[in-house]
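Observations on the model geometry
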Amino acid sequence: MKHYPLFLDIKNKKCLVIGGGSVAERKVKNLLAYDAKVYIISTKLNNALQELVADGKVCYRGTNYHTAELDDACLVFCATNNHAVNSAIAKDCAQKNIPVNVVDKPSLCTFIVPSTVVRGDLQLAISTGGKSPALAKVLRKKLEADFGPQFKEFIDYIGNMRNLVINNIEDLEQRSYILKNLVDNLTIDLVKQGDIEQAKERVKSVYYHSGLKS
Ligand SMILES: C[C@@]1(CC(=O)O)c2cc3[nH]c(cc4nc(cc5[nH]c(cc(n2)[C@H]1CCC(=O)O)[C@@](C)(CC(=O)O)[C@@H]5CCC(=O)O)C(CC(=O)O)=C4CCC(=O)O)c(CCC(=O)O)c3CC(=O)O
Ligand SMILES: NC(=O)C1=CN([C@@H]2O[C@H](COP(=O)(O)OP(=O)(O)OC[C@H]3O[C@@H](n4cnc5c(N)ncnc54)[C@H](O)[C@@H]3O)[C@@H](O)[C@H]2O)C=CC1
């Protein structure tokens, strides 16, 4: 285990992808989902990437990589099918301290991309440390089935409820008690079953009744 897990804000940040095949496409689409400014360099672009360029969603920087392309990059993805090219760019990134992902050589990655389940602000990220991306994908599908789309609404509700508690309960001990008890397994099970209203009622009751110690 060598990679530290974190969630990064890449909105409007330059992210450079070298390569234009299906792996580059997956990385690009994921970056766009988080509002990054995506730049691509590749000898060829597949159809999906050509469309993204034509629609102005990503900036195509041509076929040739130069170190100057790394300027201001927040993340770099070496996603060509040419190992020598990927490794050379990774070396440049290492020298400039720019986080780099090398799709064909986990040992050269300073960051790796997890498999994710996204339910609004609730995100579950799975990594196998590169040992089995296929397993990460299988687990992602299992978790997607377990944590349905309704969790988006629920996480927003819990977030609002937490703010309510923070804004209205001055006693720090009481506040902490309520916050720690806002959700339990039974509530999560209700959300999983799609019974959001009942789940919300349980959360509310922690705030209005059981949490309020005298
Ligand atoms: C190290 C890492 C670096 C990185 O890319 O970030 C890496 C490396 C490599 N992947 C390879 C293969 C495959 N990768 C996938 C899929 C995904 N790969 C992703 C991440 C990662 N892949 C990082 C580690 C993540 C971790 O485990 O912690 C996911 C999670 C995220 C994403 O890419 O967006 C995404 C699933 C998203 C989803 O659907 O949920 C599939 C499955 C499929 O395509 O159906 C296969 C084929 C099956 C297999 O090999 O297991 C190969 C061999 C290439 C070759 O054979 O030449 C290498 C290189 C090597 O291992 O040497
Ligand atoms: N990390 C991951 O999740 C996975 C990684 N892989 C690895 O990723 C590599 C790429 O896979 P695909 O996208 O399917 O390959 P692909 O063959 O579809 O695309 C390769 C792309 O690299 C570009 N390219 C080649 N040489 C270049 C250069 N010198 N400069 C700029 N661009 C160049 C090509 O024009 C092409 O667009 C594979 O070789 C494989 O080892 C494969 C599956 C999953």
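This text goes with the structure placed above it.
What this report covers is the structure whose coordinates are included nearby. These numbers were taken from a predicted model, which means no experiment stands behind them.

Near ligand 1 you find 18 residues, and of these K27, S115, S127, T128 and R140 are the closest. With respect to ligand 1, the side chain of K27 contributes an N or O atom lying 2.6 Å from an oxygen atom. Note that an oxygen atom of ligand 1 is positioned 3.3 Å from one of the backbone N or O atoms of G130. Judged by the fraction of its atoms near the pocket grid, ligand 1 is located in the second largest pocket. Those elements that place two or more of their residues in the shell around ligand 1 are α1 (22-33) and α4 (133-146). Here the shell around ligand 1 takes four residues from α4, the largest share from any one element. Here the residues of the shell around ligand 1 sort into seven nonpolar, six polar and five charged.

So, on to the packing of aromatic side chains. For the structure on display, the rule yields four aromatic pairs. Their ring planes at 50° and their centres at 4.7 Å tell us that Y207 and Y208 sit as a pair that is tilted. Three or more aromatic residues link up through ring pairs in this structure, and these residues are F147, F151 and F154. For K14, the ring lying beneath its charged end belongs to Y39, and the centroid distance is 5.1 Å.

Calculation rules
- Residues numbered from 1 in each chain as written.
- Chains lettered and ligands numbered in written order.
- Predicted model: local features only at pLDDT ≥ 70, side-chain atom pairs only at ≥ 80, totals over all residues.
- Heavy atoms only, no water.
- Near = heavy atom within 4 Å.
- Polar contact = N/O pair within 3.5 Å; in protein donor to acceptor, adjacent residues only side chain to side chain.
- 1 Å grid on protein atoms, 1.4 Å probe; cavity = no way out; pocket = protein on both sides within 12 Å on 5 of 7 lines; lining within 4 Å.
- Sits in = over half its atoms within 2 Å of the grid points.
- Helix = DSSP H or I, 4+ residues; strand = E, 2+ residues; numbered from the N terminus.
- Nonpolar A, V, L, I, M, F, W, Y, C, P; charged D, E, K, R; others polar.
- Phe/Tyr/Trp six-rings, centres within 6.5 Å; stacked < 30°, edge-to-face > 60°.
- Lys NZ or Arg CZ within 6 Å of the ring centre and 35° of its normal.

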